[in-house]
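Close look at the chain arrangement
Okay, here's what each chain looks like letter by letter:
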Amino acid sequence: MYDVVLLTLGSERDAAGGCGSGGACCGGATEADPATVAGGTTGDDGGAHGDADGCASERPRVPVLACADALTARGARVQMVTARSNTEIDEVLAQLDGPPRPDGLTWPDPDGKTRLVVATASDGQLRAVLRRLVRRYAPAPSRRPADLPADRTLPDLPPVAVLPLDPARGGTQRDLAAQLGLPRDPAAVAAAVLDGTPRRLDLLRNDGGSVTLDGALLGAADDAGRPLHWRARVEVDDTILTDGDEPLLACAIGNAGGYATLDDVTLLAAPDPADGQVEVAVAVPVVVRSALGRKRVRLEVRRARGRAVAVLPREEKVPYLDDGVEGELTRKRSWWIEPGAWAVWSI
């Protein structure tokens, strides 16, 4: 029977540093990491609280306990861990390592002796764990092994099971688990871990050192909710969607479909997290004249698909959401697809 680690993060928000400020999942700085963003915590009501409130409670959430009970009833050996720093996440992920390789690289165990369940209050938390998996197993370019696929920069990452902590998010909010049709009931998640098979999915890496599971949406709105104009050069492989001289309302970078629509506008036509491509769309306001000579503005959506996308902002900073995590783009950022790099346990 399997050893199963039930991992919960101590902060709701993923951040550039991993879990939260300075790489800490619950406020205290533990690892120095460039460009960190402070993270908050989430209580049972789904609202944001200060780090002190989140750290005060060591009690596992009810879905975590229910999943542990279901796993134990099936004979699994269960370890429950709440990680509050990158270091503590890494200690859990070390249990997924394979035997030593002749080249000295740390590689995942292909036999999967230990299985991982990540309890998530947000897609950003799942991303935080995948970031650490990538940092653990992606070899440096100078140490690229011969057995690495030609279209990849990292090996097949170990499959993870996703345990959503808020079943209500399966409704209108469409988190990644809902998009993928993954089970939300703790007993069903336990069954997927023990009886399921890995479903391999594409991963977006970027040159800022992070990863994207669902997608990113670039743009901003004013206090009344009206979108603001901004400019950037957007390229997908050899296709230029905009050269940076015209105003944009939004740019969607999609691995899955979380940012497929904006209000009533369809941005991404057919995002697929397992097709080996990233879909990108820009929304451009275009002034046209009617037959009577009257001016009106229509929204033109331009789309492209490919292996990589680059966005070069012409503004000082462009706000964005990446897997639900807020950030600001201040320089050129490139994303590229890693086909089938990560996996979820699915039945």
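These numbers were taken from a predicted model, which means no experiment stands behind them.

Thresholds applied
- Residues numbered from 1 in each chain as written.
- Predicted model: local features only at pLDDT ≥ 70, side-chain atom pairs only at ≥ 80, totals over all residues.
- Heavy atoms only, no water.
- Helix = DSSP H or I, 4+ residues; strand = E, 2+ residues; numbered from the N terminus.
- Buried < 20%, exposed > 50% of the residue type's maximum accessible area, 1.4 Å probe, protein only.
- Contact = heavy atoms within 4.5 Å.
- 1 Å grid on protein atoms, 1.4 Å probe; cavity = no way out; pocket = protein on both sides within 12 Å on 5 of 7 lines; lining within 4 Å.
- Points joined across faces, edges and corners; volume = space filled by probe spheres on them.
- Core = buried A, V, L, I, M, F, W, Y, C linked by side-chain atoms within 4.5 Å.
- Phe/Tyr/Trp six-rings, centres within 6.5 Å; stacked < 30°, edge-to-face > 60°.
- Lys NZ or Arg CZ within 6 Å of the ring centre and 35° of its normal.
- Pairing = 2+ DSSP bridges.
- Salt bridge = Lys/Arg side-chain N within 4 Å of Asp/Glu carboxyl O.
- pLDDT = per-residue confidence, 0-100.
- Polar contact = N/O pair within 3.5 Å; in protein donor to acceptor, adjacent residues only side chain to side chain.

Attention now moves to the overall build of the protein chain. When its secondary structure is counted, the protein chain shows 6 helices and 20 strands. A burial count over the protein chain gives 50% of its 347 residues as buried. Long-range pairs, those at least 24 residues apart, make up 68% of the contacts in the protein chain between residues at least 6 apart in sequence.

Before going further, it helps to spend a moment on the environment of Trp345. For Trp345, the position within the fold is in strand β20 (residues 333-346). Owing to a relative accessible area of 9%, Trp345 belongs among the buried residues under this scheme. For the pair Trp345 and Ala161, spaced 184 residues apart in sequence, the C-alpha to C-alpha distance is 5.1 Å. Each residue touching Trp345, except ones within four places of it in the same chain, is listed here: Arg115, Leu116, Pro159, Val160, Ala161, Leu182, Ala192, Val193, Gly196, Thr197 and Pro198.

Now for empty space enclosed by the protein. Counting across every chain of the model gives 2 cavities of 30 Å³ or more. Counted as a void, the largest cavity has a volume near 60 Å³. Considering the residues around the largest cavity, the lining is formed by 13 residues, among which Thr120, Ser122, Asp123, Pro164 and Asp175 are closest to the centre. Those elements that place two or more of their residues in the lining of the largest cavity are α4 (123-137) and β6 (160-164).

Looking now at the nonpolar core. Counting residues in each nonpolar core, the largest one holds 35 residues, and the members touching the most others are Leu116, Leu126, Leu157, Leu203 and Trp342. It is α4 that provides the largest number of residues to this core, a total of 7 residues. Each residue touching Leu126, except ones within four places of it in the same chain, is listed here: Val118, Thr120, Val160, Val162, Leu176, Leu213 and Trp342.

Time to look at the packing of aromatic side chains. Under the counting rule described, the total for this entry stands at 0 aromatic pairs. Residue placement shows Arg101 over the ring face of Trp107; its charged tip is 4.3 Å from the ring centre.

Moving on, we come to the pairing of strand β17 (residues 308-313). Note: strand β10 (residues 232-236) against β17, 5 bridges, orientation antiparallel. Each bridged residue has a counterpart across the sheet, and for Val234 the counterpart in β17 is Val311. Examined bridge by bridge, β17 and β20 share 4 bridges and lie antiparallel to one another. Within β20, the position partnered with Ala308 by the bridge is Trp336.

Here we come to the pattern of salt bridges. Tallied over the entire structure, the rule returns 22 salt bridges. Of the charged contacts, one joins Arg298 and Glu300 as a salt bridge, the two residues approaching to 3.6 Å between their closest N and O atoms. Taking the relative accessible area as the measure of exposure, Glu300 reaches 22% and is therefore partly exposed. As a salt-bridge pair, Lys317 and Glu328 come within 4.0 Å of each other at their nearest N and O atoms. One end of the pair, Lys317, is in the loop between β17 and β18 (318-322); the other, Glu328, is in strand β19 (residues 325-329), and 11 residues separate them in sequence.

Summing up the model confidence of the protein chain, the mean pLDDT is 85 and the portion of residues at 70 or higher is 82%. Throughout residues 12-18 the model reports pLDDT below 50, and contacts reaching past four residues in sequence, or to other chains, amount to 36 contacts. Ignoring residues within four places in sequence, the model shows residues 20-24, a span with pLDDT below 50, making 27 contacts including any to other chains.

All right, on to the side chain of Asp175 then. Its location among the elements puts Asp175 in the loop between β6 and α5 (176-180). We classify Asp175 as buried; its relative accessible area is 11%. A polar contact of 2.9 Å, which involves the side chain of Asp175, links it to the side chain of Arg184.

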